[in-house]
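Listed below are the residues making up each chain.
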Amino acid sequence: MIDCLILGDSIAVGTQRFKQECRSEAKGGINSWQFNKNYQGEFFSDIVVISLGSNDHQGVKTRKELESLRSRVSAKSKVYWILPAIKPHIQQIVRAIAEKNNDIVLPISNLQKDGIHPSWTGYKDLAERVK
């Protein structure tokens, strides 16, 4: 079995429900600054999945926070970023950090009516793309 770790917000929580073999360090509603404050230390796994940015507001220095987190993440195989479905400026930040680190970006397909969270089909799709 591959060791897997999912980090982040409510989207991370939902993804872990469909990827139950993965450990999770995630909390619904958390933004990038709060995550770094509450979850300190290094993260290491074969595969790491990160979902943050959807809850970031203007007071959060998203690039700084996500770069700080990424510097504490090590993966034997791959790091995946779940791309927020909203906030194009945060999408650009996530894509840039992923590209810089040769990580994989997973856009969300099949959204719920809120336009933020994946539908059950969307969560299943995310879980299946994490390999």
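The shown structure was predicted, so the numbers you read here are calculated from the model rather than taken from an experiment.

A. Spatial organisation of the sheet that holds strand β1 (residues 4–8). Reading across from one edge, β2-β1-β3-β4-β5 is the order of the 5 strands in this open sheet, with parallel pairing throughout. In this open sheet, the two edge strands, each paired with only one partner strand, are β2 (23–26) and β5 (104–107). Strand-to-strand twist across the sheet, computed as the mean angle between neighbouring axes with direction ignored, equals 20°. Here β1 pairs with β2 via 4 bridges, running parallel. If you follow Ile 6 over to β2, its bridge partner there is Ser 24. Here helix α1 (residues 10–18) sits on the sheet in contact with β1, β2, β3 (43–51) and β4 (73–83), set at roughly 155° to β1. Most of the contacts of helix α4 (residues 88–100) go to β4, to which it runs at about 160°, and overall it touches β4 and β5.

B. Layout of the side chain of Arg 72. Looking at the element boundaries, Arg 72 is found in the loop between α3 (62–71) and β4. Side-chain polar atoms of Arg 72 contact the backbone oxygen of Tyr 39, separated by 3.0 Å. Those residues within four positions of Arg 72 in sequence are excluded, and the remaining contacts are Asn 36, Tyr 39, Gln 40, Gly 41, Glu 42 and Phe 43.

Criteria and thresholds
- Residues numbered from 1 in each chain as written.
- Predicted model: local features only at pLDDT ≥ 70, side-chain atom pairs only at ≥ 80, totals over all residues.
- Heavy atoms only, no water.
- Pairing = 2+ DSSP bridges.
- Helix = DSSP H or I, 4+ residues; strand = E, 2+ residues; numbered from the N terminus.
- Axes fitted to C-alpha atoms, helices over the stretch in contact; angles between N-to-C directions.
- Contact = heavy atoms within 4.5 Å.
- Polar contact = N/O pair within 3.5 Å; in protein donor to acceptor, adjacent residues only side chain to side chain.

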